[in-house]
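Descriptive analysis of the structure
Residue-level listing of the chains:
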Amino acid sequence: MIRGACNGLLFLAPFNDVKKYPELLINPLTKTIVKLPRAPDLSPDMSVYGLGFDRSTNTYKMVQINAIDFDEKTSTCTLGTRVYDFHKRSWRTCKAPPLPHSAGPLRNFVFASGALNWFLTSYSLSDGLLARAMLSFNLTKEEFSLIPIPDVFFECGNFNPEM
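Structural notes, computed from the coordinates. (Residues numbered from 1 in each chain as written. Predicted model: local features only at pLDDT ≥ 70, side-chain atom pairs only at ≥ 80, totals over all residues. Heavy atoms only, no water.)

1. Concerning the pairing of strand E12 (residues 115–122)
Burial analysis of E12 places seven of its eight residues in the buried class, which makes it a mostly covered element. Relative to E12, strand E10 (residues 103–105) is paired through three bridges, and the arrangement is antiparallel. Across the sheet, residue Ala103 finds its bridge partner in E12, namely Ser122. Summarising the sheet, strand E11 (residues 110–112) and E12 pair through three bridges and their orientation is antiparallel. By the bridge assignment for E12, Ala112 is matched with Ala115. From the end of E11 to the start of E12, which pair antiparallel, there are two residues, and Ser113 there has a positive phi angle of about 50 degrees. (Buried < 20%, exposed > 50% of the residue type's maximum accessible area, 1.4 Å probe, protein only. Helix = DSSP H or I, 4+ residues; strand = E, 2+ residues; numbered from the N terminus. Pairing = 2+ DSSP bridges.)

Okay, structure coming up:
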């Protein structure tokens with residue numbers, strides 16, 4: 001299933017049997033297919049990915065995100081996040097902001113203006129389909145941030161970002 005694109009490259013991730021089938025990077029023009037590496041310490045079953053291009057280093061970077069811990073006192077979820085640098089061919093850890101317990105990034109990403117962006121979904125029926133923020137990752141600074149979504153966005157009716 002296509003999860004996103006960057007500079008004409010397609011990022012595909014399996015919908016089922018994620019341990020059996022790898023994530024792929026496809027260049028439709030050259031017909032090149034690359035099997036992407038997974039972070040060694042994060043489980044692929046619950047992972048969310050993103051792919052973007054960092055102009056400052058002239059390299060592609062891939063982000064893998066997993067929910068790894070839940071703090072009952074603060075009702076927040078800690079994300080395990082890793083960044084893969086295609087030039088260095090290595091993974092590094094990157095700190096992500098804690099998310100509300102009922103929120104998590106959707107699988108599809110958008111690469112725009114040097115950042116990877118994911119809508120946050122709400123798993124609480126009372127909150128509606130989307131949380132009121134997006135998770136954004138600046139590829140140059142290698143920093144996450146939460147971007148609020150204005151209320152007017154939700155006044156437009158039902159919105160399904162997975163479509």
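2. Things to note about the packing of aromatic side chains
When we look at a pair of aromatic rings, we describe it by the centre distance and by the angle of the planes. One pass over the structure, following the stated rule, counts seven aromatic pairs. With centroids separated by 5.8 Å and ring planes inclined at 70 degrees, the aromatic side chains of Phe11 and Phe109 adopt a geometry described as edge-to-face. In this pair, Phe11 sits in strand E2 (residues 9–12) while Phe109 sits in the loop between E10 and E11, placing the two residues 98 residues apart along the sequence. Just as Phe11 is buried, Phe109 falls in that class too. (Phe/Tyr/Trp six-rings, centres within 6.5 Å; stacked < 30°, edge-to-face > 60°.)

3. Points about the pattern of salt bridges
Evaluated as defined, the whole model comprises five salt bridges. The partner of Asp85 in a salt bridge is Arg92, and the shortest N-O contact between them spans 3.7 Å. Judged by its relative accessible area of 25%, Arg92 falls in the partly exposed class. Across the salt bridge formed by Arg92 and Glu142, the nearest N and O atoms sit 2.5 Å from each other. Placement of the pair is Arg92 in strand E8 (residues 90–93) and Glu142 in the loop between strand E13 (130–138) and strand E14 (143–148), with a sequence separation of 50 residues. Using a relative accessible area of 17% as the deciding quantity, one classes Glu142 as buried. Residues participating in the shared-partner salt-bridge network are Asp54, Lys61, Asp85, Arg92 and Glu142. (Salt bridge = Lys/Arg side-chain N within 4 Å of Asp/Glu carboxyl O.)

4. Things to note about the sheet that holds E2
What the four strands build is an open sheet, ordered E1-E2-E3-E4; its pairing is antiparallel. In the strand order of this sheet, the two ends are held by strand E1 (2–6) and strand E4 (32–35), each with one partner. The average angle at which neighbouring strand axes cross in this sheet is 20 degrees, direction not considered. Of the pairings in the sheet, the one linking strand E3 (residues 24–27) to E4 comprises four bridges and is antiparallel in character. Following the sheet pairing, Ile26 is matched in E4 by Ile33. (Axes fitted to C-alpha atoms, helices over the stretch in contact; angles between N-to-C directions.)

5. What to know about the side chain of Thr59
Relative to the elements of secondary structure, Thr59 occurs in strand E6 (residues 59–71). Take Thr59: its relative accessible area is 6%, and that puts it in the buried class. With residues up to four places along the chain from it excluded, the contact list for Thr59 reads Gly52, Phe53, Asp54, Asp85, Phe86 and His87. (Contact = heavy atoms within 4.5 Å.)

6. Some remarks on the environment of Lys61
Mapped onto the fold, Lys61 is located in strand E6. A C-alpha to C-alpha distance of 9.7 Å links Lys61 and Thr140, two positions 79 residues apart in sequence. Discounting residues that sit within four places of it in the chain, Lys61 has contacts with Gly50, Leu51, Gly52, Asp54, Val83, Tyr84, Asp85, Phe86, Arg92, Leu139 and Glu142. Among the polar contacts made by the side chain of Lys61, one reaches the main-chain carbonyl oxygen of Leu139 at a distance of 3.0 Å. (Polar contact = N/O pair within 3.5 Å; in protein donor to acceptor, adjacent residues only side chain to side chain.)

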